[in-house]
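Inside the fold
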Amino acid sequence: MAMELMKMPQLGESVTEGTISKWLVKPGDHVTKYDPLAEVVTDKVNAEVPSSFTGIIKELKADENQTLAVGEVICSIEVETAKTENETSGQVSHSEENVDAPVTRDVQQAAEPSRKARYSPAVLKLSQEHGIDLSKVKGTGNEGRITRKDLLKLVESGNLPKADEPSAISESAPEEFAPQVNRQTSPVTNVPTAAGDKEIPVTGIRKAIASNMLKSKHEIPHAWTMVEVDASNMVKLRDNLKSDFKQKEGYNLTYFAFFVKAVAQALTEFPELNSMWAGEKIIQKKEINISIAVATEDALFVPVIKNADEKSIKGIAREIQELASKVKAGKLKAEDMQGGTFTVNNTGSFGSVQSMGIINYPQAAILQVETIVKRPVVINDMIAVRDMVNLCLSLDHRVLDGLVCGRFLARVKEIIEKISKDNTSIY
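Residues numbered from 1 in each chain as written. Predicted model: local features only at pLDDT ≥ 70, side-chain atom pairs only at ≥ 80, totals over all residues. Heavy atoms only, no water.

**Structural notes on the pattern of salt bridges**
Under the counting rule described, the total for this entry stands at 16 salt bridges. A salt bridge links Asp336 to Lys326, with the nearest nitrogen and oxygen atoms 3.3 Å apart. Here Lys326 lies in helix α10 (residues 313-329) and Asp336 lies in the loop between α10 and β16 (342-345), a separation of 10 residues in the sequence. Judged by its relative accessible area of 31%, Lys326 is partly exposed. With its nearest N and O atoms 2.8 Å apart, the salt bridge here joins Glu414 to Arg411. Of this pair, Glu414 and Arg411 both sit in helix α11 (residues 402-417), separated by 3 residues, roughly a single helical turn. Bridged by salt links that share partners, the residues Glu269, Arg411, Glu414 and Lys418 form one connected network. (Salt bridge = Lys/Arg side-chain N within 4 Å of Asp/Glu carboxyl O. Helix = DSSP H or I, 4+ residues; strand = E, 2+ residues; numbered from the N terminus. Buried < 20%, exposed > 50% of the residue type's maximum accessible area, 1.4 Å probe, protein only.)

Next comes the structure, spelled out in structure tokens:
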């Protein structure tokens, strides 16, 4: 018999740690290869960790709700020697008898140089867009892998390594290799407590949310503007279609799908809002990928509707339903949250009528769609009851100015107000 160690996997390109939210096994349980061992939560995704071996669970090395860095041992599995030789072929594992042997990161990189040459699609795309020679970039990811964040730092600095130029070495490699939550930690605050006060541990997801929100507010000069939209025609069309649509398609036709479609269409006409700040330049994104905020009881996720401008209202409604279901079921994958270029937040779903959103870094803007309310308005000097909604835009004032944002909001307003059964196709 031999003892094999299961380690915290890297569940995403820039993920540096994970939290064991629930163990699915206990000591003494028999597992086969690929059986789920635990549910793990990161700042990117919730996922089950499968076993790499067949054997008996010997010891759980971490408690539930404990956060571990990528590569730390989560449990040990007792396996038969014959099976171990077959099942660990091509894998990096360490038996318990070798666990105390000092292995430096440099030695690991030297032993596995091929891993550094495995670039993710996001890294390859960025390198091609900016002409970066990846062989001259020092990665700060797990085992020296080059991450998307490494390339974005180079782009922002303007120090892009080309062919026949000296290697570009990240000055912040130790910082990047550390868990994300330690990169922007706030000073510890001593808060006085009294009898009956409840201390709630901060989860990995909550730490990630705090870190990302601080980064956005500290680095991005936020500005804010709002328009009032008469959504009466849209409400009438959707209400007339929703029953037949649900019966035919099996999911809801929501108001939010109409707003996302209108925003995607307006972004094709005002691509300035589909941009990102990159130090000495502004990168205007070609693809229109709409991030949508989906909240759970204790966390916030921002999955992405890819190429939203190319999708129908029906297609957008389906993706909203599928992504929201994944979030609630804990099945959201890292790729579901990557590539967003503009965020639309359905704050109206919980009754908000006006809000100031924090921009989803590194995007340049976020649009809050507030609740639709019936209000009296003046039309042709007469008072009428209409379905009104506020659209609130937070913008990065380094990238955008009031003029273009005002025109963008005016265009979204025009699209929504002109929706009718005669000129709007759901399919």
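On we go.
**Here's the deal with the sheet that holds strand β1 (residues 2-7)**
Pairing is antiparallel in the open sheet, where 4 strands are placed in the order β1-β8-β6-β3. Single-partner strands in this sheet number two, and they are β1 and β3 (30-31). In this sheet, strand β6 (residues 55-60) lies alongside β3 in antiparallel orientation, the contact comprising 2 bridges. Bridge pairing in β6 places His30 opposite Ile56. (Pairing = 2+ DSSP bridges.)

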